[in-house]
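These are the residues of each chain, in order.
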Amino acid sequence: MSAEGTTQFAVFEKYTFGEDLTRIHVAEGCEVASVGQPIDFSEANENFAWHGPFSSYVGARVAASECGRRDGPYDCPVCKPQEQ
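Here the structure is a predicted model, which means the values were calculated and not measured. (Residues numbered from 1 in each chain as written. Predicted model: local features only at pLDDT ≥ 70, side-chain atom pairs only at ≥ 80, totals over all residues. Heavy atoms only, no water.)

Novice: Residues and numbers for the overall build of the protein, please.
Specialist: The helix and strand tally for the protein stands at two helices and four strands. In the protein, the succession of α and β elements from N to C terminus is β-β-α-β-α-β. A compact globule built from 84 residues should have a C-alpha radius of gyration of about 12 Å, and the protein, at 12 Å, falls within 12% of that. Referenced to the eigenvectors of the C-alpha coordinate spread, the extents of the protein come out at roughly 35 × 20 × 20 Å. In the protein, which comprises 84 residues, the proportion classed as buried is 38%. (Helix = DSSP H or I, 4+ residues; strand = E, 2+ residues; numbered from the N terminus. Rg over C-alpha atoms; globule rule 2.2 N^0.38 Å. Buried < 20%, exposed > 50% of the residue type's maximum accessible area, 1.4 Å probe, protein only.)

Structure representation (structure tokens):
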């Protein structure tokens, strides 16, 4: 949760090595996205990028859709952002 006590969301975009995908995660504490730590949104390279943080699930979903990747957007099956 953010300092305000609300859940924030993140979009992971991967675009190399035959993977062309977007996934929506809870921005703080997803075991898949960041091994239980807050996501570092400045972390990016030629293979992937993080987008966010977003204050709503709907905002993250719209941003993920705008990435235009073939696979997704889908929700992380571990942190289940749609249930937050």
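Novice: An account of the nonpolar core is needed here, citing residue identities and associated values.
Specialist: Grouped together as the largest cluster of nonpolar side chains are eight residues: Phe9, Val11, Ile24, Phe54, Ala60, Ala63, Ala64 and Cys67. When contributions to this core are tallied by element, the ones reaching two or more residues are β1 (9-14) and α2 (57-66). No other element matches α2, which puts three residues into this core. Residues contacting Ala60, with those up to four places away along its chain left out, are Phe9, Val11, Ile24 and Phe54. (Core = buried A, V, L, I, M, F, W, Y, C linked by side-chain atoms within 4.5 Å. Contact = heavy atoms within 4.5 Å.)

Novice: With reference to specific residues and values, describe the pattern of salt bridges.
Specialist: Oppositely charged side chains can form a pair if their charged atoms are brought close together. Inspection of the entire model under this criterion finds five salt bridges. The partner of Asp20 in a salt bridge is Arg69, with the nearest N and O atoms 2.9 Å apart. Linking Asp20 in the loop between β1 and β2 (21-26) with Arg69 in the loop between α2 and β4 (71-75), this pair joins segments that are 49 residues apart in sequence. Owing to a relative accessible area of 26%, Arg69 belongs among the partly exposed residues under this scheme. In this structure, the salt-bridge partner of Arg61 is Asp75, at a minimum N-O distance of 3.6 Å. Separated by 14 residues along the polypeptide, Arg61 in helix α2 and Asp75 in strand β4 bring together distant segments of the chain. (Salt bridge = Lys/Arg side-chain N within 4 Å of Asp/Glu carboxyl O.)

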